[in-house]
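Structural characterization, general
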Amino acid sequence: MHFDVQAFQPAKGPDQPAENQDHWAADPSRGLAAVADGVSSALFSGPWARILVEAVLDEPPNTDRPEDFAAWLRARRETWAQSIDKTGLAWFQKAKLPVGAFSTLLWLEVRPRANDEPGHFGAREFHLRSIGDSCFFHVRHGELLRSFPVEDAAALQADPLALGSVDLKRDELIRFDRADGLCHEDDLLVLATDAVAEWVLRNRNTGSPRALGEWR
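Described in the following lines is the structure provided in the data block.

With that settled, consider the pattern of salt bridges. With the rule as written, the count across this model stands at ten salt bridges. Where R65 meets D68, a salt bridge forms, and the shortest distance between an N and an O atom there is 2.8 Å. Residue classification places R65 among the partly exposed residues on the basis of a relative accessible area of 41%. Look at the salt bridges and you will find they share partners, linking R65, E67 and D68 into a network.

Time to look at the packing of aromatic side chains. Evaluated as defined, the whole model comprises five aromatic pairs. Ring plane angle 80° and centroid distance 5.2 Å describe the contact between F69 and F176, whose orientation is recorded as edge-to-face. With F69 in helix α2 (residues 66–83) and F176 in the loop between β8 (163–164) and β9 (177–183), the pair connects residues that are 107 residues apart, well separated along the chain. The exposure classification of F69 matches that of F176, with both residues buried. With a centroid separation of 5.2 Å and 45° between ring planes, the pair formed by F126 and F136 is classed as tilted. One end of the pair, F126, is in strand β5 (residues 124–131); the other, F136, is in strand β6 (residues 135–140), and ten residues separate them in sequence. An identical accessibility class is assigned to F126 and F136; each is buried. The structure contains a cluster of three or more aromatic residues connected by ring pairs, namely F69, W72, W107 and F176.

The next subject is the sheet that holds strand β1 (residues 22–27). Taking strand neighbours across the sheet as the criterion, the five strands line up as β1-β2-β4-β5-β9 in an open arrangement whose pairing is antiparallel. In this open sheet, the two edge strands, each paired with only one partner strand, are β1 and β9. Strand-to-strand, the axes of this sheet are offset by a mean angle of 10°, without reference to chain direction.

Take the side chain of S45 next. When you line up the elements, S45 lands in helix α1 (residues 45–58). A residue is classified by how much of its surface remains accessible, and S45, at 0% relative accessible area, is buried. A distance of 3.3 Å separates the side chain of S45 from the backbone oxygen of F102, its partner in a polar contact. With sequence-adjacent residues up to four places away left out, S45 is seen in contact with Q21, G38, V39, A101 and F102.

The rules behind each value
- Residues numbered from 1 in each chain as written.
- Predicted model: local features only at pLDDT ≥ 70, side-chain atom pairs only at ≥ 80, totals over all residues.
- Heavy atoms only, no water.
- Salt bridge = Lys/Arg side-chain N within 4 Å of Asp/Glu carboxyl O.
- Buried < 20%, exposed > 50% of the residue type's maximum accessible area, 1.4 Å probe, protein only.
- Phe/Tyr/Trp six-rings, centres within 6.5 Å; stacked < 30°, edge-to-face > 60°.
- Helix = DSSP H or I, 4+ residues; strand = E, 2+ residues; numbered from the N terminus.
- Pairing = 2+ DSSP bridges.
- Axes fitted to C-alpha atoms, helices over the stretch in contact; angles between N-to-C directions.
- Polar contact = N/O pair within 3.5 Å; in protein donor to acceptor, adjacent residues only side chain to side chain.
- Contact = heavy atoms within 4.5 Å.

Spelled out as structure tokens, the structure:
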């Protein structure tokens, strides 16, 4: 299966073209893509989001084994802590630093089927893992087949779950949503942070075809 990857990343504001807490990464040769949305109210969430997506592409974590995921997350936290230059921090930044940064995380893995059953016509299987409100959309011929993990725009108004860059002794609360499915050669698989996801879902809920017919 051929993968064509496109990324669109608008600036947070027209007067701040470089300020963005979201990050993404993709490896078409491995059928792997990830997106993370850094929480802007926390400190250094942009670098934390970048560390997470790059780590997923380097070594996707095993979320089915808590001890394996704990080791993966601990290594990412060490990377984040070592990346922070504390010498020039303002007093209010120093006050926030012990709490750390936060980010959502969503990644997609597309693989050949182990057993290509009759009638599937070369379909590939995909696997999703998510914490927070970044969303996946499965589109075929302009029609939205599935959204994950959020299905209604109203749900995006709540504060999302997020991974923290500092161990605040609450890691037992981390729960990943997971989903699996099949996709075909011409399908469009979209990973989006919450603002774009809300726009898509509101368009769908109001019956407007624009979000579904003009994805790119």
